[in-house]
Amino acid sequence: MVQELVVISGKGGTGKTSVAASFAVLAGRPVIADCDVDAADLHLVLAPQVKERHEFRGGHQAVIRQEQCNDCGVCLAHCRFDAVRREARQGGGDVVIIDPFSCEGCGVCVRFCPAEAIDFPERICGEWMVSETRCGPMVHARLGVAAENSGKLVSIVRREARRIAEENGHPLVIVDGPPGIGCPVIASVTGASSVLVVTEPTVSGEHDMERVLALARHFAIPSAVCVNKWDLNGTMTAQIEDKARKAGVRVAGRIRYDRAVTVAQLQERAVVETDGPSADDVRHLWDCLGLQE
């Protein structure tokens, strides 16, 4: 049976990706999934070699066929997102166009166009890739500029990662999840075996941890907590850990502040591939989670 560990945080910048990359090194060739599709960065550490590329299509986008448009302005009147506008035409006059970055794909303009001059093709929102890394196969994605449906793209990345794991006998999938508690996070954690919440010793870190743990609890996913850079505020760290224990959540470990983490990132290496003291903390955290292959 394939286990799936999702590393998440209440906000960006807590060290979630650094932890996930180190787990990928320690796990012994797991399948890796970068589900932070809005701002993917795990590839900066694991240097994947892309083997497959696939288009990601999500939703639709309206496009006016200018040769058939009679310039009646009905679409302009009905669009609630200000995606339809008039633009000066070369040679004089103006033309009605649809801004692809503002179009929400609702289809109202298509429905009401009396000349039937608006096409409604499926929108290409980005791409997802299957790659090979020094730690094992990796599935990752890139969402297009101003594109939506990131939750749908996350589901595709997770599905493909699990498929690769099942077909090739990998017992573990490590997921670098997106920050927050929105749709992409829900798509990342639903049905996972376990969740590790990485937080930091600040007031906002405590608040964000509570929100993420509430989400995991809603979906009945076993959770653990790790405080990154804990030694910057030992009092707050103790407070966060106490709150986690009272919520019935296991405190799996602490990671101290370490400049070696920044050095590792600049060298495109995981923390555990360095000799810094934080590398020992991450190894201890990994051992506490008990997910070795």
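Residues numbered from 1 in each chain as written. Predicted model: local features only at pLDDT ≥ 70, side-chain atom pairs only at ≥ 80, totals over all residues. Heavy atoms only, no water.

A. Looking closely at the side chain of Glu200. Considering the arrangement of structural elements, one finds Glu200 in the loop between β11 (194–199) and α7 (203–218). Of note is the side chain of Glu200, whose polar atom sits 3.0 Å from the side chain of Lys11. Those residues in contact with Glu200 that lie beyond four places of it in its chain are Lys11, Gly13, Thr14, Gly205, Glu206, Val227, Asn228, Lys229 and Ile240. (Helix = DSSP H or I, 4+ residues; strand = E, 2+ residues; numbered from the N terminus. Polar contact = N/O pair within 3.5 Å; in protein donor to acceptor, adjacent residues only side chain to side chain. Contact = heavy atoms within 4.5 Å.)

B. Geometry of the sheet that holds strand β12 (residues 223–228). Read across the open sheet, the nine strands follow the order β3-β8-β9-β2-β10-β1-β11-β12-β13; overall the sheet is mixed. Both outer strands of the open sheet, β3 (49–60) and β13 (250–255), are each paired with one neighbouring strand and no more. Ignoring which end each strand starts from, the neighbouring axes of this sheet average 20° apart. Its contacts with the sheet place helix α5 (residues 150–168) against β1 (3–9), β2 (31–34), β3, β8 (122–133), β9 (136–143) and β10 (172–179), and it is angled at close to 165° to β9. Strands β1, β10, β11, β12 and β13 of the sheet are contacted by helix α10 (residues 277–289), whose axis makes an angle of about 165° with β13. (Pairing = 2+ DSSP bridges. Axes fitted to C-alpha atoms, helices over the stretch in contact; angles between N-to-C directions.)

C. Representation of the side chain of His140 in the model. Tracing the backbone shows His140 in strand β9. With relative accessibility at 7%, the residue His140 sits in the buried group. At a separation of 2.7 Å, a polar atom in the side chain of His140 contacts the side chain of Ser131. Contacts of His140, omitting those with residues within four sequence positions, involve Asp34, Pro48, Val50, Trp128, Met129, Ser131 and Val157. (Buried < 20%, exposed > 50% of the residue type's maximum accessible area, 1.4 Å probe, protein only.)

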